[in-house]
Amino acid sequence: MRARQAIAGSALFFIAAPGVVAGVIPWLLTDRYRLPLSKLPGFVPAGWILILAAAALLLHSFARFALEGLGTPAPVAPTERLVVGGIYRHVRNPMYVAVLSIVLGQALLFSSWAVFAYGVVAAAAMVSFVKLYEEPTLARRYGAEYEAYRRAVPGWLPRLTPWRG
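Computed from a prediction, not measured in an experiment: that's the story for all the values here. (Residues numbered from 1 in each chain as written. Predicted model: local features only at pLDDT ≥ 70, side-chain atom pairs only at ≥ 80, totals over all residues. Heavy atoms only, no water.)

### Quick look at helix α5 (residues 113-142)
Basically, it comes down to this: Counting from the N terminus, the helices are DSSP H or I runs at least four residues long and the strands are E runs at least two residues long. In this analysis, the expected span of each helix is defined as 1.5 Å times one less than the number of residues it contains. A residue's bend is simply the angle between two axes: one fitted to the seven residues ending at it, one to the seven starting at it. A 1.4 Å probe rolled over the protein chains alone gives each residue an accessible area, and that area as a share of the maximum for its type sets the label: buried under 20%, exposed over 50%, partly exposed in between. Note on definitions: a residue-residue contact is assigned when non-hydrogen atoms from the two residues lie within 4.5 Å.
Taking 1.5 Å of rise per residue, the 30 residues of α5 would be expected to cover 44 Å, and the 40 Å separating its terminal C-alpha atoms lies within 8% of that figure. Where α5 bends most, the angle comes to about 40°, and this point is valine 130. Listed as buried for α5 are Val115, Tyr118, Gly119, Ala122, Met126, Val130, Glu134, Glu135 and Tyr142. Buried residues along α5 sit against α2 (18-29), α4 (94-110) and α6 (144-152). Once α5 finishes, glycine 143 follows within two positions and takes phi at roughly 55°, a positive value.

In structure tokens, the structure reads:
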């Protein structure tokens, strides 16, 4: 896949997946973001920090897929190369971690139990998808390269020092 195609495909998938999971659904759960901001001390700034930091990591992750992997995060248009640079040296699933952080940030921002509960359900779905589909698929596609990476880099809680594979 060419870089332009990978960028276009990744942009479309960005709208379709994280855009819906971290944008549209929380937007609906918060009455189109009309809920009042949290009155609990520290929740609003913590929510904004989570949202903004996670959004930056999400964009970085999508860029790595398109430019380093020459593909997209979408299962129908996978990368030609295993993506292990940038944030992927610290955690194997930065897109999922970022999306869940954006959802949690919105739960804090609005003190919304509905958004928090949705985040728990979304997390369970994501972990199941990774374990049942993504990891076996990546192991088949990239073989020993993926297995070495999987053993060295944690899936969900980032390591502080980058992996030097």
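Still to come is the rest of the account.
### Points about the pattern of salt bridges
Basically, it comes down to this: Should a side-chain nitrogen of Lys or Arg be within 4 Å of a carboxyl oxygen of Asp or Glu, the pair is scored as a salt bridge.
Scanning all chains against the criterion turns up five salt bridges. Taking the shortest distance from any N to any O, the salt bridge between arginine 34 and aspartate 31 comes out at 3.8 Å. According to the relative accessible area criterion, aspartate 31 is partly exposed, its value standing at 39%. Glutamate 135 is the partner of lysine 131 in a salt bridge, and the nearest nitrogen-oxygen pair spans 3.4 Å. Here lysine 131 and its partner glutamate 135 are both found in helix α5, four residues apart, which amounts to about one turn of the helix. Residue lysine 131 is classed as partly exposed on the basis of its relative accessible area, which comes to 47%.

### What about the packing of α2 against α4?
Operational definition: Only the stretch in contact is used when fitting a helix axis, every axis being a line fitted to C-alpha atoms; angles between N-to-C directions are given from 0 to 180 degrees. Each angle gets one of four labels, with under 35 degrees taken as roughly parallel, over 145 as roughly antiparallel, 65 to 115 as roughly perpendicular, and the rest as oblique. Under this grouping Gly is polar, as are all residues other than the nonpolar Ala, Val, Leu, Ile, Met, Phe, Trp, Tyr, Cys and Pro and the charged Asp, Glu, Lys and Arg.
The N-to-C vectors of α2 and α4 enclose an angle of 10°; their axes lie 9 Å apart at closest approach. Relative to α4, the element α2 lies roughly parallel. Between α2 and α4, the residues in contact are Pro18, Val21, Ala22 and Pro26 and Val99, Ile102, Val103 and Gln106, respectively. A class-by-class count of the residues in the contact of α2 with α4 yields seven nonpolar, one polar and no charged.

### A few points about the packing of aromatic side chains
Selection criterion: Think of it this way: a Phe, Tyr or Trp ring, Trp meaning its six-membered ring, pairs with another when their centres are within 6.5 Å, and the plane angle makes it stacked under 30 degrees, edge-to-face over 60, tilted otherwise.
Taken as a whole and assessed by the stated rule, the structure comprises nine aromatic pairs. Centroid distance tyrosine 96 to tryptophan 156: 5.9 Å. Interplanar angle 35°. Geometry classified as tilted. Of this pair, tyrosine 96 sits in helix α4 while tryptophan 156 sits in the segment after α6; the two residues are 60 residues apart in sequence, bridging distant segments of the chain. Residue classification places tyrosine 96 among the buried residues on the basis of a relative accessible area of 18%.

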